[in-house]
Amino acid sequence: MSDLAINKVCVIGAGTMGAGIAAHIANAGVPVLLLDIVRDPADRNAVAAGAVAKMLKTEPASFMSKAAAKLVEVGNIEDDLGKVAECDWIVEAIIERLDLKQQLYQKLEAVRRPGTAVTSNTSTIPLANLIDGRSEAFARDFFITHFFNPPRYMRLLEVVAGPHSDAGLVAKVSDFADRRLGKTIVDAKDTPGFIANRVGTFWIQAALNAAFDLGLTVEEADAIAGRPMGVPKTGVFGLVDLVGIDLMPHLQKSLTGTLPKDDPYQAIARTAPLIEKMIAEGYTGRKGRGGFYRINREAGKRKETMDLATGEYRPTIKPAPLAGDLAKDLGALIAAPGKTGAYAWAILGPTLSYAASLVPDAAADVLAVDTAMKLGYNWTFGPFELIDRIGAATFVTRLKDEGNPVPPIFDVVGDRTFYRIENGVRQVLDLNGTYRDVRRPEGVLLLADIKLAGKPLLKTASAALWDVGDGVAAIEFTGKMNALDGEVMKLIEQAIPLVAEKFKALVVYNEGSNFSAGANLGLAMFAVNIAAWSEIEKLVKGGQDAYKALKYAPFPVVSAPFGTALGGGCEILLNSDAVQAHAESYIGLVECGVGLVPGWGGCGEMLDRARSNPMMPKGPMPAVVKVFETVSTATVSKSAAEAKEIGFLRATDGITMNRDRLLADAKARALALVEGYQPPKPPEFRLPGASGRAALSMAVEGFQARGMATPYDGVVSAELANVLTGGEADVVDVVTEADLLALERKAFMKLVRDPRTQARVEHILETGKPLRN
């Protein structure tokens, strides 16, 4: 094994997967050589260059910032293959044809540097076949790294090592993929489809078949097979629309051609005539003319659904909610009478049994299967966790009663569970019948594990304070969507003296779906409806006081966002000493979109950052204009890297690629700030006043004239401009941080009383979409 770090990577194959892998490696700040075939002799690098150009335009974006694209060097296999000698890892992602892959490997063997890892992104071809005819040295450096699409966003990486693979080299690439690419590594056996696609394809096929066989509508099927089973809200039919209906026959052909003839998948693999017809006519899902769902733009953007019985589109019908506890109790769901229970069991019975049969042949243990399905298919619970929710003994009894085979692993579990909590530690059942602790990789610290072993130091209805070790405490938001309210501010106020007395530092972190959606707008609208204006102002002032108390606390505060950090969720970042952000952090001050202005110090913090940027022109206006543009348009970053470019994060703030490493990294960052820590000094500003407001007003009027801003956008922007320009102050006056906070409160309270703002808030709460009024 080479001792060199992975400083440059070559990806061969610039199709959807290869280009996506290359982009994500560039996202990690690592130079990439992207090669493909020559199609145009006049432009020999056109294929790879075209792939990069396409990725710069696609949504969701493959690159975390446009700067990352500059790290991708394009070339072609005929002219540039020799450049792989400069690379420390070579990823092959060409078409799934064994002959072409073997031809490429033969060429690579002649030019690559010995000890360089060579991996294939194949999902269908056995490793032994891939290296047939290659040297012992090549076989030693070769293994499979199976990425999931899209590579930037899907956290799973299945790694398949062969009997000759160098374990040290596999470990080096796996560690790079973990720490630099943010992947969770699941070791899979060299079997067809590996783990996730094998179970996932079976699951989708079983769900499609049963829906047709039982006469369910698409909406009914997705209501049963979606959230009640811990599946993304798309459900099965929505998922097939998303990935492409035309992909299903290809997956089916691949698996039926490689799996043993007695594999249970062979018995269910079929394509319904309606699906064949849809594919033939271009109805392949979201990328085509529509799928099982579509938006009929000719009918006023009406939502329509494919009728499985007639093969015609009809208006989408919202299914009736599941009765009683069926949405929460899997055991009750599969036992429910009628089509509901029959459909639930027709999916879960065969799928969970099939998943259980893959241990140990396709996966070494229970944990590998569950991790693969949760990260590869976004299931909330893995197959064995679902079996635990039903009860293994109950599940086996039903299999036996219906004459179905029972996988051997059920003899091991008996009437126990696959997982248990013992002395505050999560344990998983091994194949030898004993439980072992679920061990995290080195450098991974999860709040979920800490919560199993202890109790919070403080707790309110919307937040908690935890001891995360080594003298660091963590504030956790716990409300719906981690929305921020008075209970969060109450906990912050209580936490500061406790942390000052007993801890060294504080992190703000949680493990929800998103960091925070911002202030609790539902609570605010309740107060509006009863005209409780004093309570609203109290919440605004309370948030300002709590955030500034964090900012000026006698210990360092590090926030660790991930997912969306909007409005007040962004403002807590702005008031922190440092931020350690997950790479997939979508940060923004979005208050103007709902007819408000930032109310918890966001305006002043953004101004302070903008004027401190060495690239910012001097004078009172440039920073004001920059912040006004960002905040008035409710700009949200599409990554943590872009948040730095916009100004929500500092250049010195950290970015963590692996979500599971975020808490440990934030904790380390906080501890690094402890020695000699001094709270920051309150900033003072000289702002342009009335002349600055006039300039900003002219810009808004220009947008309105071009139809890019509504009349009420102008009203809201005027209030924002008044805050950012210092209100009645002039350029010679000193505007303090407290002055800006008072201006924020005044503007917020004025706008929240306006019925047009109230209409915007109600609309976003009801639809999740902004109202342009």
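For the structure itself, look to the data block above.
The sections below set out a description of the structure shown in this document.

About the thresholds
Residues numbered from 1 in each chain as written. Predicted model: local features only at pLDDT ≥ 70, side-chain atom pairs only at ≥ 80, totals over all residues. Heavy atoms only, no water. Helix = DSSP H or I, 4+ residues; strand = E, 2+ residues; numbered from the N terminus. Buried < 20%, exposed > 50% of the residue type's maximum accessible area, 1.4 Å probe, protein only. Contact = heavy atoms within 4.5 Å. Areas by Shrake-Rupley, 256 points an atom, 1.4 Å probe, with all protein chains shown as cover. Lys, Arg positive; Asp, Glu negative; His and termini not counted. Charge placed at Lys NZ, Arg CZ, Asp CG, Glu CD. Disulfide = S-S within 2.5 Å. 1 Å grid on protein atoms, 1.4 Å probe; cavity = no way out; pocket = protein on both sides within 12 Å on 5 of 7 lines; lining within 4 Å. Points joined across faces, edges and corners; volume = space filled by probe spheres on them. Nonpolar A, V, L, I, M, F, W, Y, C, P; charged D, E, K, R; others polar. Patch = residues over 30% accessible without salt bridge, like charges linked within 9 Å, V, L, I, M, F, W, Y side chains within 5 Å. Salt bridge = Lys/Arg side-chain N within 4 Å of Asp/Glu carboxyl O. Polar contact = N/O pair within 3.5 Å; in protein donor to acceptor, adjacent residues only side chain to side chain. Axes fitted to C-alpha atoms, helices over the stretch in contact; angles between N-to-C directions. Parallel < 35°, antiparallel > 145°, perpendicular 65-115°, else oblique. Arc of directions from axis to C-beta. Phe/Tyr/Trp six-rings, centres within 6.5 Å; stacked < 30°, edge-to-face > 60°. Lys NZ or Arg CZ within 6 Å of the ring centre and 35° of its normal. Pairing = 2+ DSSP bridges.

A look at the overall build of the protein
Counting its secondary structure elements, the protein contains 33 helices and 25 strands. The C-alpha extent of the protein, read off along each of the three principal axes, is 80 × 65 × 60 Å. Counting all 773 residues of the protein, 53% fall into the buried class. Sequence-distant contacts in the protein: of pairs separated by 6 or more residues, those separated by 24 or more amount to 70%. Split by element, the accessible area of the protein, about 33000 Å² in all, is 55% carbon and sulfur. Measuring between centres, the 85 positive side-chain charges of the protein sit 3 Å from its 91 negative side-chain charges.

Re the state of the cysteines
Applying the stated criterion across every chain, the model contains zero disulfides. Just so you know, C10 is unpaired, no disulfide at all, and the nearest cysteine sulfur is the one on C87, 5.0 Å from it. Lacking any disulfide linkage, C603 is separated from the closest cysteine sulfur, that of C592, by 7.9 Å. The class of C603 is buried, set by a relative accessible area of 1%.

Examining the environment of L358
Turning to its location among the elements, L358 is positioned in the loop between helix 16 (338-357) and helix 17 (366-376). Linking L358 and P407, residues 49 residues apart in sequence, is a C-alpha distance of 8.7 Å. Ignoring sequence-local partners within four residues, the contact set of L358 consists of R198, V199 and A363.

As for empty space enclosed by the protein
All chains considered together, the criterion is met by one cavity of 30 Å³ or more. Its boundaries defined by the atoms lining it, the largest cavity holds a volume of some 50 Å³. Considering the residues around the largest cavity, the lining is formed by L521, A524, M525, V528, L596, F748, V752, T757 and V761. Elements with a contribution of two residues or more to the lining of the largest cavity: helix 23 (521-529), helix 32 (737-752) and helix 33 (755-767). Here the lining of the largest cavity takes four residues from helix 23, the largest share from any one element. A class-by-class count of the residues in the lining of the largest cavity yields eight nonpolar, one polar and no charged.

A few points about a positive patch on the surface
A surface patch of like charges, here positive, comprises R297, K301, K303 and K769. The topology assignment puts K303 in strand 10 (residues 302-306).

So, the environment of T656
Looking at the element boundaries, T656 is found in strand 23 (residues 654-656). A residue is classified by how much of its surface remains accessible, and T656, at 2% relative accessible area, is buried. With 628 residues separating them in the primary sequence, T656 and A28 have C-alpha atoms 9.7 Å apart. Of the polar contacts made by the side chain of T656, one reaches the side chain of D665; its length is 2.8 Å.

As for unusual backbone geometry
In this structure, the amide linkage connecting N149 to the following residue, P150, adopts the cis form with an omega of 0 degrees. Mapping P150 onto the fold places it in the loop between strand 6 (142-147) and strand 7 (156-161). In this structure, F194 is a non-glycine residue whose phi angle is positive, near 55 degrees. Structurally, F194 is set in the loop between strand 8 (184-187) and helix 9 (196-214).

Points about the packing of helix 10 (residues 218-225) against helix 11 (residues 235-243)
Helix 11 packs onto helix 10 with a crossing angle of 105 degrees between their chain directions and a minimal axis gap of 6 Å. Here helix 10 is positioned roughly perpendicular relative to helix 11, judged by the angle of their axes. Listed contacts from helix 11 to V218, A221, D222 and A225 of helix 10 are G235, V236, F237 and G238. Residues belonging to the contact of helix 10 with helix 11 are distributed by class as follows: five nonpolar, two polar and one charged.

Observations concerning a nonpolar patch on the surface
A cluster of nonpolar side chains, contributed by L242, V243 and L247, occupies part of the molecular surface with about 230 Å² of accessible area. Within the secondary structure, L242 sits in helix 11.

Considering helix 19 (residues 392-401)
A392, F395, V396 and L399 are the residues of helix 19 that are buried. The buried residues of helix 19 occupy an angular sector of 95 degrees when the element is viewed end-on, so they sit on one face. In this structure, the buried residues of helix 19 make contact with helix 16, helix 18 (383-390) and helix 20 (409-413). Within two residues after helix 19, G403 carries a phi angle of roughly 75 degrees, on the positive side.

Here's the deal with the packing of aromatic side chains
Per the stated rule, a full pass over the model turns up 17 aromatic pairs. Ring centres of F384 and F418 lie 4.7 Å apart, and the angle between their planes is 70 degrees; this geometry places the pair in the edge-to-face category. With a gap of 34 residues between them, F384 in helix 18 and F418 in the loop between helix 20 and strand 12 (419-422) connect regions that are remote in the sequence. By relative accessible area, F418 is classed as buried at 0%. Grouped by ring-pair contacts, the aromatic residues W345, F384, F395, F410 and F418 constitute a single cluster. A cation over a ring is seen here: R659 above F562, with NZ or CZ 3.8 Å from the ring centre.

Points about the sheet that holds strand 11 (residues 313-315)
Sheet architecture is open: three strands sit in the order 9-10-11, paired in antiparallel fashion. Where the open sheet ends on each side, the last strands, each with one partner, are strand 9 (293-296) and strand 11. Strand-to-strand twist of the sheet, defined as the mean angle between neighbouring strand axes without regard to direction, takes the value 40 degrees.

Some details on the sheet that holds strand 13 (residues 425-429)
Strand order across the open sheet formed by three strands is 12-13-14, with antiparallel pairing between neighbours. The two strands at the open ends of the sheet, each matched to only one other strand, are strand 12 and strand 14 (435-437). With direction set aside, neighbouring strand axes in the sheet form an average angle of 40 degrees.

A look at the side chain of Q544
Here Q544 is to be found in helix 24 (residues 533-551). Among the polar contacts listed, one links the side chain of Q544 to the backbone oxygen of L741, at a separation of 3.1 Å.

Comments concerning the pairing of strand 16 (residues 463-467)
Buried residues dominate strand 16, accounting for four of its five residues. Connecting strand 15 (residues 458-459) to the antiparallel partner strand 16 that follows it, the hairpin turn spans three residues. Across five bridges, strand 16 lies against strand 17 (residues 472-477) in antiparallel orientation. Of the residues in strand 17, the one forming a bridge with L465 is I475. From the end of strand 16 to the start of strand 17, which pair antiparallel, there are four residues, and G469 there has a positive phi angle of about 95 degrees.

Focus: the environment of P315
One can find P315 in strand 11. With 371 residues separating them along the chain, P315 and R686 place their C-alpha atoms 58 Å apart. With sequence-adjacent residues up to four places away left out, P315 is seen in contact with E219, R302, K303 and E304.

Re the pattern of salt bridges
Any two side chains of opposite charge can pair, so long as their charged atoms come close to each other. Taken as a whole and assessed by the stated rule, the structure comprises 46 salt bridges. Residue E304 is joined to R294 by a salt bridge in which the shortest nitrogen-to-oxygen separation is 2.8 Å. Remark: R294 occurs in strand 9 and E304 occurs in strand 10; sequence separation between them is 10 residues. Residue R294 is classed as partly exposed on the basis of its relative accessible area of 23%. When the shortest N-O distance is used, the salt bridge between R426 and E385 registers 2.7 Å. A residue pair is termed long-range when its members are at least 10 positions apart, and R426 in strand 13 and E385 in helix 18 qualify at 41 residues. A relative accessible area of 23% places R426 in the partly exposed class.

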